[in-house]
Amino acid sequence: MSRNGSTSVVVLMAAALICAAPNAMADETGSPPANPAPANPPAAAKPSGETTPPPPSITVISPADAHGVLGRDVRSTSDQNMGRIVEVIVDRAGVVRAAVIDFGGFLGVGSRKIVVDWNALHFGGVKGKSDSISLELTQDQVRAAPEYKEGASVVVLGASGTLQPLNIGP
């Protein structure tokens, strides 16, 4: 390498060190660097021909209009304790079909899971976290229902005349 070439390399290295020195000193003192990196770095350029997907739609639901159901107490129409919702069952199309209720027992001992048709549940009286969901079945009807077991066929207990067969198909 010629003397001119090595001088250029030394000058470039010195310039790089000078530029890096304020950032290194800022790291040691705990103060932010003079030119912080942008919070949202620019996205990589998309190859030509690709389109940017449209932004997702947004829906705002007020707290008075929607409530979570998992863990929520379920009571009969005569205010008997029916258990808690522990799972929601949907069909292949994503339509909610039933709820799994942890029924009976005391503090988790002696309880069993049963499945009730989604249409047998009523959410009209639910205004806050402490409100329960109403089930249009009696304790005796629920007590007589077969137990839900993961991986086995699901037997859904429905309110009189409201249960529709689930046609899954191949």
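Undergrad: Give me the overall build of the protein: which residues, what numbers.
TA: Helices and strands together make up the secondary structure of the protein, namely 2 helices and 7 strands. Along the chain direction, N to C, the helices and strands of the protein fall in the order α-β-β-β-β-β-β-α-β. When contacts within the protein are restricted to residue pairs at least 6 apart in sequence, long-range pairs at least 24 apart make up 44% of them. Of the roughly 12,600 Å² of accessible surface on the protein, 59% is carried by carbon and sulfur atoms.

Undergrad: Describe the nonpolar core, and please don't skip the residues or the numbers.
TA: With 18 residues, the main nonpolar core has I85, I101, V116, L121 and L135 as its most contacted residues. If sequence neighbours within four positions are ignored, L121 has contacts with V74, I85, A99, V116, I133, S134 and L135. Grouped together as the second largest cluster of nonpolar side chains are 5 residues, I89, V100, V115 and Y148 included.

Undergrad: Please give an account of the sheet that holds strand β1 (residues 73–76) that cites residues and values.
TA: Taken in spatial order, the 7 strands make up an open sheet running β5-β6-β1-β2-β3-β4-β7, and their pairing is mixed. Each edge of the open sheet is held by one strand with a lone partner, namely β5 (121–122) and β7 (156–157).

Undergrad: For the pairing of strand β4 (residues 112–117), give the residues involved together with the corresponding values.
TA: The buried fraction of β4 amounts to 5 of the 6 residues, a majority that puts the element mostly inside the structure. Two strands pair when backbone bridges link them, and strand β3 (residues 96–103) and β4 are joined in this way by 6 bridges, in the antiparallel orientation. Paired with A99 across the two strands is V116, which belongs to β4. Here 2 bridges tie β4 to β7, and the two strands are oriented parallel to one another. Across the sheet, residue V115 finds its bridge partner in β7, namely V156.

Undergrad: Run through unusual backbone geometry, naming residues and quoting values.
TA: Its identity is not glycine, yet D79 carries a phi of approximately 70 degrees, on the positive side. Residue position: D79 is located in the loop between β1 and β2 (81–90).

Undergrad: Residues and numbers for the pairing of β2, please.
TA: As paired elements, β1 and β2 share 3 bridges and run antiparallel to each other. When the bridges of β2 are listed, V74 appears paired with G83. Adjacent in sequence and paired antiparallel, β1 and β2 are bridged by 4 residues, among which D79 carries a positive phi angle near 70 degrees.

Undergrad: Go over the confidence of the model for the protein with me, naming the residues and quoting the values.
TA: Averaged over all residues, the pLDDT of the protein is 73; the fraction at 70 or higher stands at 62%. This stretch, residues 1–30, has a pLDDT under 50; its non-local contacts, to residues over four places away or in other chains, come to 7 contacts.

Undergrad: Quick one: what's the story with the environment of K127, residue by residue and with numbers?
TA: Along the chain, K127 turns up in the loop between β5 and β6 (133–135). For K127, a relative accessible area of 66% gives the class exposed.

Undergrad: Could you give an account of the packing of aromatic side chains, with specific residues and numbers?
TA: Tallied over the entire structure, the rule returns 1 aromatic pair. Each ring, one from W118 and one from F123, has its centre 5.3 Å from the other, and the planes form 35 degrees; the classification is tilted. With relative accessibility at 21%, the residue W118 sits in the partly exposed group. Given the relative accessible area of 32%, F123 is considered partly exposed.

Here is what the cut-offs are and how they apply
- Residues numbered from 1 in each chain as written.
- Predicted model: local features only at pLDDT ≥ 70, side-chain atom pairs only at ≥ 80, totals over all residues.
- Heavy atoms only, no water.
- Helix = DSSP H or I, 4+ residues; strand = E, 2+ residues; numbered from the N terminus.
- Contact = heavy atoms within 4.5 Å.
- Areas by Shrake-Rupley, 256 points an atom, 1.4 Å probe, with all protein chains shown as cover.
- Core = buried A, V, L, I, M, F, W, Y, C linked by side-chain atoms within 4.5 Å.
- Buried < 20%, exposed > 50% of the residue type's maximum accessible area, 1.4 Å probe, protein only.
- Pairing = 2+ DSSP bridges.
- pLDDT = per-residue confidence, 0-100.
- Phe/Tyr/Trp six-rings, centres within 6.5 Å; stacked < 30°, edge-to-face > 60°.

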